[in-house]
Amino acid sequence: MNSEGPAANDGLCLIPFRGLRYVPERVGSLAAVTSPPYDVVVRPDGLHHLESADPYNIVRLILPQADSADARHRLAAQTLSRWLDEGVLAPDPEPALYVYEQRQGDILQRGIIGALALSEPSEGVVLPHEDVMPDIVADRTDLMRTTDANLEPLLLTYRSMGDATGATAVIERTVLGSPLLSTTTEDGFSHRLWSVTDPGDLEEIRSDLGDRQALIADGHHRWATYLQLNSEHHAPSPWSYGLVLLVDTARYPLRVRAIHRLLHRLPVHKALASLNGAFRVRRLEVPLAEATEALAEAAAESNAFLLAGDGSFHLVDRPDPELLSRTVRTDRPEAWRTLDATVLHSTLLDHLWSIPDAPEHIAYIHDTAAAVVQAERHDSTAVLMHPVREEVVRDLAREGVTMPRKSTSFGPKPATGLVLRSLTLE
């Protein structure tokens, strides 16, 4: 048995599906119709940029624009149906797994996209590590239900022994052939996709993954959505599976970045005044790159955050230990209690700033510079975070302990729009 997974044949079950892909002749370019995952798009600027890139950009399906949630989801379903009728999107001729490669400079990520059998966290096969927000799960659930589609793959990781056997061997043989598609997006990443249909290759992947355990690296809300939709149907059904990208991080390590907070209704001067000596505060009149370096140094010694929004950076660190003991719950492991995200939510947001964790009060932004720009533009506060190490995330997940929502950002994330899964084709 693999030391990291459950019993053999009780692990990951990844099955082929008929991928729904853009027809290159019907769009301006494949790069112009792709998008980052829905929760990485910085709205409204990023949304408008993607909408104007190509009339068929995938953002019209994952982030449709209308006056109400119901109207948005109906619009997405109508758009998907129209694109299928017009031949903008078309299903592949036979079910396949898909080898997916992303490359930029010395960054190389390869994995397999397929339909993964769903399992509850208690089964120990797919491990979540973050809490989710019910309103986002409800929105994604209705979108998937209305479109009858998995519009973008989740990013899941597992760890092998690091050698080129099993699924990794199939990946590395497959990339020697001609890809189904190849494109480079404006962020500088090249993307290539191959189909895997050979029965021997599929069996090699099935046998290897059947003894593995996966960590949700990106897509907790969509995984919760998959589970909700599965509960609404009699199993087995197409809803018993969800679209994922599986990456072996022993072979292809991911980067772990922080997700920053934008506090809509809290100007920086009020945020600082409310600290009232509970943290050490230092004003930094330096560029963003130097400020984040200072944050990294401070985070090596204590909980640390950068506040931005007034044209300067304010390094907030060394919290009062007595305050932490009063505000952070004690029924969790020490590794959880000392997380920056735990201290941010328990001590700063809940206790000192009294800010509810709701969309009208807090936005979660992956791009550091974008968080600062948004804060300065709207006289609000950006709380810039330092990333958590992957081993901390994995260890807590194995203990069944979820981190505060939006604690980590693993990447590179799969581009949305390269391959979709329509449940009506299964």
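Heads up: the structure comes first, above all this text.
Remember, predicted model here, so these are calculated numbers, not experimental data.

### A look at the packing of helix H4 (residues 69-86) against helix H5 (residues 134-147)
- Where H4 meets H5, the closest approach of the two axes is 8 Å, and the angle between their N-to-C directions is 35 degrees. Handedness of the H4/H5 crossing: right-handed. Contacts between H4 and H5 pair Asp-70, Arg-72, His-73, Arg-74, Ala-76, Ala-77 and Leu-80 from the former with Asp-139, Asp-142, Leu-143, Thr-146 and Thr-147 from the latter.
- Grouping the constituent residues of the contact of H4 with H5 by class yields four nonpolar, three polar and five charged.

### Considering the sheet that holds strand S21 (residues 420-422)
- Strand order in the open sheet formed by four strands is S3-S2-S21-S7, and the pairing between neighbours is antiparallel. Two strands close off the open sheet at either side, each with one partner strand: strand S3 (89-91) and strand S7 (149-150).
- When S7 meets S21, the two strands line up antiparallel, connected through two bridges. Opposite Ala-149, over in S21, you have Ser-422 as the bridge partner.

### Remarks on the sheet that holds strand S15 (residues 280-284)
- An order of S15-S17-S16-S19-S14-S18 is seen for the six strands of this open sheet, with the pairing classed as antiparallel. With one partner strand each, in any of the chains shown, S15 and strand S18 (362-365) form the two edges of the open sheet. With direction set aside, neighbouring strand axes in the sheet form an average angle of 25 degrees.
- Summarising the sheet, strand S16 (residues 304-308) and strand S19 (residues 381-384) pair through three bridges and their orientation is antiparallel. Following the sheet pairing, Leu-307 is matched in S19 by Val-383.

### Topic: the pairing of strand S2 (residues 19-22)
- Burial along S2 is two-sided: Gly-19 and Arg-21 facing one way and Leu-20 and Tyr-22 facing the other are all buried.
- When S2 meets S21, the two strands line up antiparallel, connected through two bridges. If you follow Leu-20 over to S21, its bridge partner there is Leu-420.
- In terms of strand pairing, S2 meets S3 through three bridges, oriented antiparallel. Residue pairing for S3: Tyr-22 is matched across the bridge by Leu-89.

### Comments concerning the environment of Pro-153
- By secondary structure assignment, the location of Pro-153 is in the loop between S7 and strand S8 (154-158).
- Note on Pro-153: relative accessible area 6%, which makes it buried.
- The sequence separation of Pro-153 and Lys-413 amounts to 260 residues, and the corresponding C-alpha distance is 9.4 Å.
- With sequence-adjacent residues up to four places away left out, Pro-153 is seen in contact with Arg-222, Leu-243, Val-244, Leu-245 and Pro-414.

### Here's the deal with the packing of H5 against helix H8 (residues 220-231)
- One way to put it is that H5 packs onto H8 with a least axis distance of 9 Å and a crossing angle of 60 degrees. One way to sum up the angle between H5 and H8 is to call them oblique. Judged by the sense of rotation from one axis to the other, the crossing of H5 with H8 is right-handed. In this structure, H5 uses Ile-136, Val-137, Arg-140, Thr-141, Met-144 and Arg-145 to contact H8, whose residues at the interface are His-221, Arg-222, Ala-224, Thr-225, Tyr-226, Gln-228 and Leu-229.
- Split into classes, the residues belonging to the contact of H5 with H8 amount to six nonpolar, four polar and three charged.

### Points about the packing of aromatic side chains
- As enumerated under the stated definition, the model contains five aromatic pairs in all.
- Look at Tyr-56 and Trp-83: their rings are 5.5 Å apart centre to centre, the planes differ by 80 degrees, and that puts the pair in the edge-to-face class. Here Tyr-56 is found in the loop between helix H2 (45-53) and helix H3 (59-62), whereas its partner Trp-83 is found in helix H4, with 27 residues between them in sequence. Assigned by exposure class, Tyr-56 and Trp-83 land together as buried.

### Quick word on the nonpolar core
- Grouped together as the largest cluster of nonpolar side chains are 112 residues, with contacts concentrated most on Tyr-22, Ile-113, Leu-156, Trp-223, Leu-246, Phe-279 and Trp-353.
- It is helix H13 (residues 340-352) that contributes the most residues to this core, six residues altogether.
- The residues contacting Leu-156, other than those within four sequence positions of it, are Leu-116, Val-126, Ala-214, Leu-215, Ile-216, Ala-217, Val-244, Leu-245, Leu-246 and Val-247.
- Formed by 17 residues, the second largest nonpolar core is a distinct cluster that contains Leu-262, Leu-295, Leu-306 and Leu-384.

### Quick look at the pairing of strand S14 (residues 260-263)
- The alternating pattern of S14 places His-260 and Leu-262 and Arg-261 and Leu-263 on opposite faces, both of which are buried.
- As paired strands, S14 and S18 are joined by four bridges and run antiparallel to one another. For Leu-263, the partnering residue across the bridge sits in S18 and is Ile-362.
- Relative to S19, S14 runs antiparallel, the two sharing three bridges. Residue pairing in the sheet places Leu-263 in a bridge with Thr-381 of S19.

Conventions used here
Residues numbered from 1 in each chain as written. Predicted model: local features only at pLDDT ≥ 70, side-chain atom pairs only at ≥ 80, totals over all residues. Heavy atoms only, no water. Axes fitted to C-alpha atoms, helices over the stretch in contact; angles between N-to-C directions. Helix = DSSP H or I, 4+ residues; strand = E, 2+ residues; numbered from the N terminus. Left-handed = near helix turned anticlockwise from the far one by under 90°. Contact = heavy atoms within 4.5 Å. Nonpolar A, V, L, I, M, F, W, Y, C, P; charged D, E, K, R; others polar. Pairing = 2+ DSSP bridges. Buried < 20%, exposed > 50% of the residue type's maximum accessible area, 1.4 Å probe, protein only. Parallel < 35°, antiparallel > 145°, perpendicular 65-115°, else oblique. Phe/Tyr/Trp six-rings, centres within 6.5 Å; stacked < 30°, edge-to-face > 60°. Core = buried A, V, L, I, M, F, W, Y, C linked by side-chain atoms within 4.5 Å.

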